[in-house]
Amino acid sequence: MNSPTQDNAWLRAMPWVFVLIWSTGFIVARYGMPHAPPMKFLAVRYALSIACFLPWIVLAGVKWPATRAQWFHLAVTGVLMHAGYLGGVWAAVKAGMGAGLSSLIVGLQPVLTAIWLSSTGSRVNSRQWLGLLLGFAGLVLVVSRKFGDGGPGDQANWFNLSLAVMALLAITVGTLYQKRFVAACDVRTANAAQLMAALLVTLPLTLLEAEAMQWNAELFGAMAWSVLGLTLGGSSLLYMLIQRGAAASVTSLMYLVPPCTALIAWLLFAEPITAVTLAGTLLTAFGVSLVVRASR
């Protein structure tokens, strides 16, 4: 059994581990997307993730949700936060949108969350608003050099913009819905239930994709990390953070994803980090710190 000191250390580390894992999403897309259509890739990812969770649940003797209402709420969050968010982002990038613009659109999530909380009577104080706005300003600086970085086909149009906005709304509504309706339960069974719902929604969409998956080392690597790192690790951490934290402070962590992604891209692909990127990173980190400290 872990000591209280170890538990507290893990709780403090959870947000930063989540940001590090979640930041690899676009890195995975860079490796895997040229070799697979988005819905087929995601359907395989969901199926393999479920196949990993099921024996883990059985061996650990974990109980499944006890009521139909809990199953329903988990299914709704699964459709929104897996099928809606991931499907929208991956489809938008596949349809020609650059990673910078898609990151910026999805990066509006903390602001939308704060607006919703304020409109429903939940208190978002002046320090949190300042932190949210500073974080978004830093995000703009970080991704500014990425506009138009998607190659010859990089363009924004009504179709891929609609997909990116759908992803933004899905992750925002999903986060708020989970915080409001999903009762605390084991993260393994909760994640498995969410993935089952996401798979049921995604499978019919694969029939609309004529492109086949071209299995090679890059696609295998992207799939392996998507399942083990992003779904089993990142999605599970996000579930626990939402259950434990205030919605505004949890979503503000999303501001840290593009700066962290830039750092990973520098390490893996030698993509340059400019003075503007560094300034944006510092501004984002400061903004997030204001939101988190205010919520505490």
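Treat the numbers as computed from the prediction; the structure is a model and nothing was measured. Position labels on residues start from 1 in each chain and follow its written sequence. It should be noted that, the model being predicted, local features are given only for residues of pLDDT at least 70 and side-chain atom pairs only at 80 or more, the latter also being counted only at that level, while totals for whole chains, interfaces and linings use all residues. Only heavy atoms go into the side-chain values, all of them from the structure, while hydrogens and water stay out.

The next subject is the overall build of the protein. Secondary structure counts use DSSP, requiring at least four H or I residues in a row for a helix and at least two E residues in a row for a strand, with both numbered from the N terminus. Along its length, the protein carries 13 helices and 0 strands. Listing every helix and strand of the protein by position from the N terminus yields α-α-α-α-α-α-α-α-α-α-α-α-α. Residues classed as buried in the protein amount to 51% of the 296 residues present. Long-range contacts, defined here as pairs at least 24 residues apart, represent 91% of the contacts in the protein between residues at least 6 apart. Only the protein chains shown count as cover for residues, with accessible areas throughout obtained via the Shrake-Rupley method and a probe of 1.4 Å. Counting only carbon and sulfur atoms, one obtains 70% of the accessible surface of the protein, whose full area is about 13,800 Å². A simple rule labels every residue: compare its accessible area, found with a 1.4 Å probe on the protein chains alone, to the largest value its type can have, and call it buried under 20%, exposed over 50%, or partly exposed in between. In what follows, a contact means two residues having at least one pair of non-hydrogen atoms within 4.5 Å.

What follows concerns the packing of aromatic side chains. What describes a pair of aromatic rings is the distance from one ring centre to the other and the angle between the planes of the rings. Two aromatic rings, drawn from Phe, Tyr or Trp (for Trp, its six-membered ring), form a pair once their centres lie within 6.5 Å of each other, and the interplanar angle then sorts them: stacked below 30 degrees, edge-to-face above 60, tilted otherwise. One pass over the full model with this rule turns up 8 aromatic pairs. Where W64 meets W71, the ring centres are 5.6 Å apart and the plane angle is 15°; that geometry is what we call stacked. According to the relative accessible area criterion, W64 is partly exposed, its value standing at 32%. Of the residues examined, W71 reaches a relative accessible area of 33% and is grouped as partly exposed. Members of the aromatic cluster, connected to one another through ring pairs, are F18, W22 and Y85. Across from the ring centre of F181, 4.8 Å away, lies the NZ or CZ of R180, which sits over that ring. Only when the NZ atom of a Lys or the CZ atom of an Arg is both within 6 Å of the ring centre and within 35 degrees of the ring normal do we say a charge sits over the ring.

Take the pattern of salt bridges next. Salt bridge criterion: a side-chain nitrogen from Lys or Arg within 4 Å of a carboxyl oxygen from Asp or Glu. Applying the stated criterion across every chain yields a total of 2 salt bridges. A salt bridge links E211 to K94, with the shortest nitrogen-to-oxygen separation between them at 3.5 Å. Note that E211 is positioned in the loop between helix 9 (187-206) and helix 10 (217-244) and K94 in helix 4 (residues 68-94), a separation of 117 residues in sequence. The exposure class of E211 is partly exposed, given its relative accessible area of 30%. By relative accessible area, K94 is classed as partly exposed at 32%. Among the salt bridges present, the one from D186 reaches R188, with a minimum N-O distance of 2.8 Å. On the accessibility criterion, D186 (24% relative accessible area) is partly exposed.

Moving on to the environment of V276. In this structure, V276 sits in helix 13 (residues 275-295). The class of V276 is partly exposed, set by a relative accessible area of 40%. Taking C-alpha positions, V276 is 8.6 Å from S144, a pair spaced 132 residues apart along the chain. Among all residues touching V276, those that are not within four sequence positions of it are L141 and S144.

Turning next to helix 4. In this scheme, a helix's expected span is set at 1.5 Å multiplied by one less than its residue total. Its 27 residues give helix 4 an end-to-end C-alpha distance of 36 Å, which sits within 8% of 39 Å, the value for a rise of 1.5 Å per residue. Two axes enter the definition of the bend at a residue: one is fitted to the seven residues ending there, the other to the seven starting there, and the bend is the angle between them. The largest bend in helix 4 amounts to roughly 25° and is located at V79. Downstream of helix 4 by a residue or two, G96 has a phi angle that is positive, lying close to 115°.

Here the focus is the side chain of S49. Structurally, S49 can be placed in helix 3 (residues 38-60). S49 sits in the buried class, given a relative accessible area of 0%. Ignoring anything within four residues of it in the chain, the contact list for S49 reads L195, V227, T231 and L232.

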